[in-house]
Amino acid sequence: MSLALGQGAAAQSLTASGGLGVGVIDDSPATVLEAGIDVGGADAALGLGGRVSLLADGGLRTEDWDDPGEWATLIRYLTYRKPAFADELQVSLAAGELSGVELGYGGLISSYDSGIDIDHRHLGMQTRVFGRQLGASAMIDDLVAPRIAGARGYYLVFDRVYVGGAVASDLAAPVEDGEQALLGGSIDLALPIRSARRSWWVEGYTELVGWAGLGAGAHLGARASSDIGAWSVSGRTEVRGGSKSYLPGYIGALYERNRVAFTPMESQLSRVRDVDLSGIGAEAAFGLQRSGVGSFHASAAHRAGLGMRAAASFSVAELEAVQLGFHGVYEQLGADGSAWVASSELRWRLPARLYATTQAARLYRRQGQEIAPAWWMLSLIHISEPTRRRDSSRMPAEA
């Protein structure tokens, strides 16, 4: 969720909410209680709150709150955005559970999700500063116990030609005898072309990527976006090739699973060192969006030595008081099988400030050094009550 830093006064609201429901969490029937407070306005958005699960056969589900980082997730989200005027830099920040994080063109970090472990939640953060001449972005997976981090910057060196560089690291990547810091870096070159009215743009790019102690690869691709009537259409295509131990988008959507158990016996770092991933791969992506209607995004890739990776997501805006969303990722892991996650939510508005949700997800849970699938299915009734509205002056940029 974006947060805009406005000029002068801005209307701001404070909303309290609560929910009660039942469901199944990893094969255990549960009663769920949740409460939250949301503050939003032109300058900032902040959500506080949490969920308590009472298991039918064991009392409180302690796995939800047995790690210091999980207490930090009482901050459900925090977002900030300073809009750009003329040639000013635009600044944005988002904190919460990370989803779909992309660093640059995705050679190092591609579609990373921090929330696929049902027993471990993280308060992560992304930030971005950008303008026509230069820009930078950064991410960290957990502000309390950081493991995965990345940063990228770019600069306009010639007319329409940008040069960028990025670094990424897993500070504690699992290996056979413990943990090891892993460091990667990339450089990229891009040439964007935009229409005078900014109704469409096309960009060609190349990216060179390497991981210390592993391998290196090269990416060549193009992406585009266009407004067609009320619809926004986007697409991307890319070819890549690499050395024996090069995995494109090493930190990806299923990395929280794969970093621990890429195979039943090996972590991703150990496995990538052993298997031959050299060769040519490719990726294609497509997106469609319309304000007030919804969005659809899909991608498919072939990874040398491993096989196909596919992802799809869609969301439907509120129509006849109903909203619907879905997200799923599937990865072939070569001779070691496959892995996938999926989540969905159906929400419908009821009378008297009530609304109902049904949520279902197929995620993973870590059991020692092993990873096992875990299902989560819940149905809840919520009440949301605005408690006051007021005008607030402009929030300082340091907030």
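The rules we used
As a convention, each chain's residues are numbered from 1 in the sequence order in which they are written. The predicted nature of this model means local features are confined to residues of pLDDT at least 70 and side-chain atom pairs, given and counted, to a pLDDT of 80 or more, with totals for whole chains, interfaces and linings taken over all residues. No hydrogens and no water enter the side-chain calculation; it runs on all heavy atoms of the structure. Segments assigned H or I by DSSP are reported as helices when at least four residues long, segments assigned E as strands when at least two residues long, and all are numbered from the N terminus. Computation of the radius of gyration draws on C-alpha atoms, with the globule rule given as 2.2 Å multiplied by the number of residues to the power 0.38. Under the scheme applied here, a residue whose accessible area is under 20% of the maximum for its type counts as buried, over 50% as exposed, and between as partly exposed, the area being computed with a 1.4 Å probe on protein chains only. Should any heavy atoms of two residues lie within 4.5 Å, those residues are considered in contact. Surface accessibility follows the Shrake-Rupley procedure with a 1.4 Å probe radius. Residue values consider only the protein chains on display as shielding. Asp and Glu count as negative and Lys and Arg as positive, but His and the ends of the chain are not part of the count. A single reference atom marks each charge: NZ on Lys, CZ on Arg, CG on Asp, CD on Glu. Put simply, buried Ala, Val, Leu, Ile, Met, Phe, Trp, Tyr and Cys residues joined by side-chain atoms within 4.5 Å make one nonpolar core. For Phe, Tyr and Trp, rings pair up if their centres lie within 6.5 Å, where Trp contributes its six-membered ring, and each pair is then called stacked (planes under 30 degrees apart), edge-to-face (over 60) or tilted (otherwise). Throughout this description, the term charge over a ring refers to an Arg CZ or Lys NZ atom that lies within 6 Å of the ring centre and within 35 degrees of the ring normal. Within a predicted model, pLDDT stands for the predictor's per-residue confidence, ranging from 0 to 100. Residues enter patches when their relative accessible area tops 30% and they take part in no salt bridge; the joining distance is 9 Å for like charges and 5 Å for the nonpolar side chains Val, Leu, Ile, Met, Phe, Trp and Tyr. Whenever Lys or Arg places a side-chain nitrogen within 4 Å of a carboxyl oxygen from Asp or Glu, that contact is recorded as a salt bridge. When DSSP finds at least two bridges between two strands, those strands are taken to pair.

1. Things to note about the overall build of the chain
Next, step 1: Tallying secondary structure elements over the chain gives 3 helices and 21 strands in all.
Next, step 2: Its C-alpha atoms give the chain a radius of gyration of 22 Å, near enough to 21 Å, the size a compact globule of 399 residues would have.
Next, step 3: On the principal axes, the C-alpha backbone points of the chain span a range of 60 × 55 × 40 Å.
Next, step 4: Counting the 399 residues in the chain, one finds 42% classified as buried.
Next, step 5: Nonlocal contacts in the chain, meaning residues at least 24 apart in sequence, comprise 53% of its contacts between residues at least 6 apart.
Next, step 6: Counting only carbon and sulfur atoms, one obtains 61% of the accessible surface of the chain, whose full area is about 19400 Å².
Next, step 7: When the 35 positive and 44 negative side-chain charges of the chain are each reduced to one mean point, those points stand 8 Å apart.

2. Here's the deal with the nonpolar core
Next, step 1: Judged by nonpolar contacts, the single largest core of 39 residues is most densely connected at L108, I109, Y112, W211, Y250 and I251.
Next, step 2: Counting residues per element, the ones that place at least two in this core are β10 (161–175), β12 (200–211), α2 (255–261), α3 (268–274) and β19 (338–349).
Next, step 3: Those residues in contact with W211 that lie beyond four places of it in its chain are L108, A168, L182, L183, G184, Y246, Y250 and I251.
Next, step 4: If you look at the next biggest cluster of nonpolar residues, it comprises 8 residues, including A30, I118, L378 and L380.

3. Re the packing of aromatic side chains
Next, step 1: This model, assessed by the stated rule, comprises 7 aromatic pairs.
Next, step 2: Ring geometry for Y105 versus Y205: centroids 4.3 Å apart, planes at 10°, classification stacked. Pair noted here: Y105 is in the loop between β6 (90–96) and β7 (124–130) and Y205 is in strand β12, with a separation of 100 residues, a long-range link. An identical accessibility class is assigned to Y105 and Y205; each is buried.
Next, step 3: Here the aromatic residues W211, Y250 and Y255 are joined through ring pairs into a cluster of three or more.
Next, step 4: The ring of F130 carries the charged tip of R128 above its face, separated from the ring centre by 3.9 Å.
Next, step 5: R362 extends its terminal NZ or CZ atom over the ring of W340, reaching a point 4.2 Å from the ring centre.

4. A word on the confidence of the model for the chain
Next, step 1: Put simply, the chain has an average pLDDT of 89, and 93% of its residues get 70 or more.
Next, step 2: In the model, residues 1–11 has pLDDT below 50 throughout and makes 45 contacts with residues more than four positions away in sequence or in other chains.

5. Considering a positive patch on the surface
Next, step 1: Positive charge collects at one region of the surface, where R132, R160, R194 and R198 lie side by side.
Next, step 2: With respect to the secondary-structure elements, R132 resides in the loop between β7 and β8 (134–140).

6. Remarks on the pattern of salt bridges
Opposite charge on two side chains makes pairing possible when the charged atoms of those side chains draw close.
Next, step 1: Counted according to the given criterion, the structure contains 21 salt bridges.
Next, step 2: For R61, the salt bridge goes to D64, with nearest N and O atoms at 2.6 Å. For the pair R61 and D64, a shared accessibility class is recorded, and that class is buried.
Next, step 3: Two residues, E238 and R240, come together in a salt bridge whose shortest N-O distance is 2.9 Å.
Next, step 4: For E238, a relative accessible area of 2% gives the class buried.
Next, step 5: Several salt bridges converge on common partners, so that one network encompasses D26, R61, E63, D64, D119 and R365.

7. Some points on the environment of E88
Next, step 1: By the secondary structure assignment, E88 is in the loop between β5 (75–82) and β6.
Next, step 2: With 44 residues separating them along the chain, E88 and R132 place their C-alpha atoms 8.6 Å apart.
Next, step 3: Leave out the neighbours within four places in its chain, and E88 touches K82, P83 and F130.

8. Remarks on the pairing of β12
Next, step 1: Bridge count between strand β11 (residues 178–194) and β12: 11 bridges; the pairing is antiparallel. Bridge pairing in β12 places I193 opposite V202.
Next, step 2: Following β11, the chain reverses through 5 residues before pairing antiparallel with β12; R198 in that reversal takes a positive phi of roughly 60°.
Next, step 3: As judged from the 11 bridges shared by β12 and strand β13 (residues 216–228), these two strands associate in the antiparallel manner. Looking across to β13, one finds that L208 is bridged to A218.

9. Examining a nonpolar patch on the surface
Next, step 1: A cluster of nonpolar side chains, contributed by F286, F296, F314, V316, L319, V322, L324, F326 and L346, occupies part of the molecular surface with about 660 Å² of accessible area.
Next, step 2: Those elements that place two or more of their residues in the nonpolar patch are β17 (307–319) and β18 (322–332).
Next, step 3: Its place among the elements puts L319 in strand β17.

10. Comments concerning unusual backbone geometry
Next, step 1: With a phi angle near 50°, D26 is a residue other than glycine that sits in the positive phi range.
Next, step 2: Here D26 lies in the loop between β1 (10–25) and β2 (28–41).
Next, step 3: Take D26: its relative accessible area is 16%, and that puts it in the buried class.
Next, step 4: The residue R353 is not glycine, and still its phi comes out positive at about 60°.
Next, step 5: Assignment of secondary structure puts R353 in the loop between β19 and β20 (354–367).
Next, step 6: Assessed through its relative accessible area of 47%, R353 is described here as partly exposed.

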